[in-house]
Structure formats: C-alpha cells, structure tokens
Amino acid sequence: MIILFANQKGGVGKSTLATLFSNFAVQKRERKVKVFDMDFQQSLYNKYLNSAQLENEKLYEVELSSIPGFKSIQKRASNDPTILMVIDLAGKMDDDNLVQVFKESELIICPFCYDEYSVTSTFEFCYVVKKVNPSSRIILIPNRVKSSVKYETLDSVKQALSQFGEVTSPVSDRIDFQRLTTSYTPESLVPILDPIFNKLFDDYIEAESKWETETT
Ligand SMILES: Nc1ncnc2c1ncn2[C@@H]1O[C@H](COP(=O)(O)OP(=O)(O)O)[C@@H](O)[C@H]1O
Ligand SMILES: [Mg+2]
C-alpha cells in the first residue's frame, strides 16, 4: 500500500507526521514500513541518518527518492502487498509526473495549519488532487493547533475541507515535536497521535487489506 504525506504548503508537518505515522505503524501495528523522502530538503532522510548514528535499533529504512522514482516504489509495493510504502512528498506541484503519483497512491494524508494562507493552499491542493483522481482518499490532519484558535474558525474550515475527505481531530502545537526521531516517539505525543493513527488503520489501512484478501 502506498501512503502519501502531501500538501503544497511547506511547514505544515508533512515530514513530522510521516515520521510519527511510520513509528506508530511499526511499534503499535507491527507493520513493515519503508519510507521514501522525495523532498529536496531531505529532512526526514537526515533525521534517519542522525538516528542511525546514535541508536542501534532501526524501525524501518528511509530512502531518498524523487517523483520519477515512484514507478519503482509502485513495483516494490505490488511485489509485497503487506508493506506500507510511506512517501514524504515535496511541496512543489509543478511536475507532470505528480499526476501518476496522485492517481496511484491509495491514501493521501494531508497535514495543514489553521492560518489563512495554509488553509487556502490546502484547499487548492485537495482540489487539484481530486481533479486528477476523483476517487482518491484524502485524510486531512489539522496540525500545530494552538488553544488560541477560535472554535468558529475550526468548524468552518473543517466543514469546507470535509468535501475532500475526512478531517481528523486536531494535533496541538507542542515543543515535544522537536524531539522525535525515526526510532523514537516522545511519550507525551502518544495520547494525541495514537487515536488518530489507530482510526486511520482501522478505517482505511487494515480495512483495505481485509478487502484485498476477500476479493483475491
Ligand atoms: N504539532 C506540532 N507542534 C510543534 N511543532 C511542530 C508540530 N508539527 C510540526 N512541527 C514543527 O514544524 C516544523 C515544520 O514541520 P515539517 O514536518 O518539517 O513540515 P513540512 O514537512 O510540511 O515542511 C518543524 O520544525 C517541526 O518540528
Ligand atoms: Mg518536509
């Protein structure tokens, strides 16, 4: 299964949530995971290198990749249907090959923030993805939500974005997010993220593999 972390907006938590999701998949759901960093900034890959230097136990491998590399990821995914291929996509939307990526990814996880500019570009991003692939499954995760955000704003944004896919419960803005690595999730983040990721697994990921075994 190919799971994309994407949004054209930078700084919304794509790499952060891709890492936390991958840690969760291995540690809590005992899934095989491979992570592909397609962002030229290589932040996830660099985290992985740092963590490999410091700690001995690897949860999964992180490879550098690029949009043209998607085909080979797809081939590897079809050779091993049990593996979760997690892709951390760059923010750039000007590559024609992205069409294929949006068409063929089974789940698109789209973190966003509640500032006005972020909401607008998230809206545009989802619109483009749905245009390319009307049946794509998008999950929207409100990230870095501060207690100062008004509930009216939360509600109206949630309503507007719900036309594209499920909007999860919000992830709060906490300094602990700086401490996560590709082999460690700070304990304080577990109560925030586990319910969100558990629901994703139950409703979209495990449900999918059940469906696959029933039909093959
Ligand atoms: N919920 C959060 N609370 C506090 N800081 C966060 C949170 N999510 C992400 N960050 C921080 O925000 C910055 C951008 O996150 P990142 O995952 O690199 O975004 P992107 O990959 O979308 O560009 C990073 O410094 C990260 O540690
Ligand atoms: Mg990133």
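Reading the values: the criteria
- Residues numbered from 1 in each chain as written.
- Chains lettered and ligands numbered in written order.
- Predicted model: local features only at pLDDT ≥ 70, side-chain atom pairs only at ≥ 80, totals over all residues.
- Heavy atoms only, no water.
- Helix = DSSP H or I, 4+ residues; strand = E, 2+ residues; numbered from the N terminus.
- Polar contact = N/O pair within 3.5 Å; in protein donor to acceptor, adjacent residues only side chain to side chain.
- Contact = heavy atoms within 4.5 Å.
- Pairing = 2+ DSSP bridges.
- Axes fitted to C-alpha atoms, helices over the stretch in contact; angles between N-to-C directions.
- Near = heavy atom within 4 Å.
- Areas by Shrake-Rupley, 256 points an atom, 1.4 Å probe, with all protein chains shown as cover.
- Nonpolar A, V, L, I, M, F, W, Y, C, P; charged D, E, K, R; others polar.
- Phe/Tyr/Trp six-rings, centres within 6.5 Å; stacked < 30°, edge-to-face > 60°.
- Buried < 20%, exposed > 50% of the residue type's maximum accessible area, 1.4 Å probe, protein only.
- Arc of directions from axis to C-beta.

**Overview of the side chain of Asn 143**
Phase 1 of the analysis: Mapped onto the fold, Asn 143 is located in the loop between strand 6 (138–142) and helix 6 (151–161).
Phase 2 of the analysis: Only 2.9 Å separates the side chain of Asn 143 from the backbone oxygen of Val 12, close enough to count as a polar contact.
Phase 3 of the analysis: Ignoring anything within four residues of it in the chain, the contact list for Asn 143 reads Val 12, Gly 13, Leu 17, Phe 112, Cys 113 and Val 171.

**Observations regarding the sheet that holds strand 6**
Phase 1 of the analysis: Spatially, seven strands are ordered 3-2-4-1-5-6-7 in an open sheet, and the strand pairing comes out parallel. A single partner strand is all that each edge strand has here, and the edge strands are strand 3 (61–64) and strand 7 (165–167). Across the sheet, the axes of successive neighbouring strands diverge by a mean angle of 20 degrees, strand direction being ignored.
Phase 2 of the analysis: Across three bridges, strand 6 lies against strand 7 in parallel orientation. Bridging across to strand 7, Ile 138 finds its partner in Gly 165.
Phase 3 of the analysis: Each of strand 1 (2–5), strand 2 (33–37), strand 4 (84–88), strand 5 (107–112) and strand 6 touches helix 1 (residues 14–27); the most contacted strand, strand 4, lies at about 165 degrees to it.
Phase 4 of the analysis: Across the sheet, helix 3 (residues 70–79) lies against strand 1, strand 2, strand 3 and strand 4, angled at about 160 degrees from strand 4, the strand it touches most.

**Some remarks on unusual backbone geometry**
Phase 1 of the analysis: Residue Glu 30 is not a glycine yet carries a positive backbone phi of 50 degrees.
Phase 2 of the analysis: In this fold, Glu 30 is placed in the loop between helix 1 and strand 2.
Phase 3 of the analysis: The phi angle at Arg 144 is positive, at roughly 55 degrees, despite the residue not being glycine.
Phase 4 of the analysis: Inspection of the secondary structure puts Arg 144 in the loop between strand 6 and helix 6.

**A word on the site of ligand 1**
Phase 1 of the analysis: The environment of ligand 1 is made up of 15 residues, and the closest members are Gly 11, Lys 14, Thr 16, Asn 143 and Arg 144.
Phase 2 of the analysis: The contact in question runs from an oxygen atom of ligand 1 to an N or O atom on the backbone of Lys 14, over 2.9 Å.
Phase 3 of the analysis: With respect to ligand 1, the side chain of Thr 16 contributes an N or O atom lying 2.6 Å from an oxygen atom.
Phase 4 of the analysis: In isolation ligand 1 has 570 Å² of accessible area, and contact with the protein removes 82% of it.
Phase 5 of the analysis: Of the residues belonging to the shell around ligand 1, the class tally is three nonpolar, eight polar and four charged.

**Section: the packing of aromatic side chains**
Phase 1 of the analysis: Taken as a whole and judged by the stated rule, the model has nine aromatic pairs.
Phase 2 of the analysis: Centroid distance Phe 24 to Phe 201: 5.7 Å. Interplanar angle 55 degrees. Geometry classified as tilted. With Phe 24 in helix 1 and Phe 201 in helix 7 (residues 190–215), this residue pair connects regions lying 177 residues apart in the sequence. Assigned by exposure class, Phe 24 and Phe 201 land together as buried.
Phase 3 of the analysis: Between Tyr 45 and Tyr 48, the aromatic rings sit 6.4 Å apart at their centres with planes inclined by 35 degrees, giving tilted as the arrangement. Pair noted here: Tyr 45 and Tyr 48 are both in helix 2 (residues 43–54), with a separation of three residues, about one helical turn. Per residue, the accessibility class of Tyr 45 equals that of Tyr 48, and both read buried.
Phase 4 of the analysis: Aromatic rings pair up to connect Phe 5, Phe 21, Phe 24, Phe 197 and Phe 201 into one cluster.

**Some remarks on the side chain of Ser 136**
Phase 1 of the analysis: If you trace the backbone, Ser 136 turns up in the loop between helix 5 (116–132) and strand 6.
Phase 2 of the analysis: Looking at Ser 136, the relative accessible area reads 5%, which means it is buried.
Phase 3 of the analysis: Among residues more than four places away in sequence, those in contact with Ser 136 are Phe 102, Ile 108, Val 129 and Lys 130.

**A short note on helix 6**
Residues three or four positions apart in an α-helix share a direction because the helix packs 3.6 residues into each turn.
Phase 1 of the analysis: Residues Leu 154, Val 157 and Leu 161 constitute the buried set of helix 6. Looking down the long axis of helix 6, one finds its buried residues gathered within 75 degrees of arc, a one-sided arrangement. Within helix 6, the exposed residues directed more than 90 degrees away from the buried face are Tyr 151, Glu 152, Asp 155 and Gln 159.
Phase 2 of the analysis: In this structure, the buried residues of helix 6 make contact with strand 5, helix 5, strand 6 and strand 7.

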